[in-house]
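Close look at the chain arrangement
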Amino acid sequence: MGSTSDWGVMKAATDTLAQFGVESETKVLSAHRTPAELEKWVSGLRDRGFAAVIAAAGGAAHLAGVVAAFTTLPVIGVPIKARALEGIDSLLSMVQMPSGIPVAVVAIDGAKNAALLAIEMLAVTDSGLKQKMDDFRAQQAQKVLASTLD
């Protein structure tokens, strides 16, 4: 996260990862205020066994792009709703990455979907996670089918 103020949104990502039994690490590092620390942390993620990064920021929202510049791990950006432009600025900042440095981007404040996307990436090679994702999707379908409009 670019700021501690993003935690209210990003807690949904850590909760979702935990629900699926996926270990995670939460950090607050700024692309603008702590670039050296950010580079050091990101550069060591692959060696520490990480498979993807979820990066959330509001406003200029450069965090996901800077993270992607420092690693070849998949990076999922979560644009955070800011006061001035309701998160549209963050969204546009993340999706307009230059060719060759991709960032997958979810909806504004879409932390849960970011976690689910990371889980789907991991499930490509992890049959246990694939089964958990299949079960999760089936449960979602059942909730819809069980709902009524009384």
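Each remark here, short or long, concerns the structure printed above.
What counts, and at which threshold
Residues numbered from 1 in each chain as written. Predicted model: local features only at pLDDT ≥ 70, side-chain atom pairs only at ≥ 80, totals over all residues. Heavy atoms only, no water. Core = buried A, V, L, I, M, F, W, Y, C linked by side-chain atoms within 4.5 Å. Buried < 20%, exposed > 50% of the residue type's maximum accessible area, 1.4 Å probe, protein only. Helix = DSSP H or I, 4+ residues; strand = E, 2+ residues; numbered from the N terminus. Contact = heavy atoms within 4.5 Å. Salt bridge = Lys/Arg side-chain N within 4 Å of Asp/Glu carboxyl O. Patch = residues over 30% accessible without salt bridge, like charges linked within 9 Å, V, L, I, M, F, W, Y side chains within 5 Å. Areas by Shrake-Rupley, 256 points an atom, 1.4 Å probe, with all protein chains shown as cover. Axes fitted to C-alpha atoms, helices over the stretch in contact; angles between N-to-C directions. Left-handed = near helix turned anticlockwise from the far one by under 90°. Nonpolar A, V, L, I, M, F, W, Y, C, P; charged D, E, K, R; others polar.

Looking now at the nonpolar core. Counting residues in hydrophobic clusters, the biggest one holds 22 residues, and the most contacted among them are M10, F20, V78 and I119. Those elements giving two or more residues to this core turn out to be α1 (7–19), β2 (75–80), α5 (111–123) and α6 (127–146). Ranked by the residues each element gives to this core, the list is headed by α5, at seven residues. With sequence-adjacent residues up to four places away left out, V78 is seen in contact with M10, I54, A55, A56, A57, M94, V106, A107, D109, G110, A111 and A114.

If charged atoms from side chains of opposite charge come close, those side chains can pair. Under the criterion given, the structure shown has five salt bridges. Salt-bridge contacts for D134 lead to K130; the nearest nitrogen and oxygen are separated by 2.5 Å. Residue D134 and its partner K130 are located together in helix α6, separated by four residues, close to a single helical turn. On the basis of relative accessibility, which here comes to 33%, the residue D134 falls in the partly exposed class.

Time to look at a nonpolar patch on the surface. On the surface, a cluster of nonpolar side chains totalling about 350 Å² of accessible area is made up of L85, I88, L92 and V95. Considering the arrangement of structural elements, one finds V95 in helix α4 (residues 88–95).

To continue, consider the packing of α1 against α5. The interhelical angle for the contact between α1 and α5, taken along N-to-C directions, is 30°, at an axis separation of 7 Å. The handedness of the crossing between α1 and α5 comes out as right-handed. Residue-level contacts link V9, M10, A12, A13, T16 and L17 of α1 to A111, K112, A115, L116 and I119 of α5. Partitioned by chemical class, the residues of the contact of α1 with α5 number nine nonpolar, one polar and one charged.

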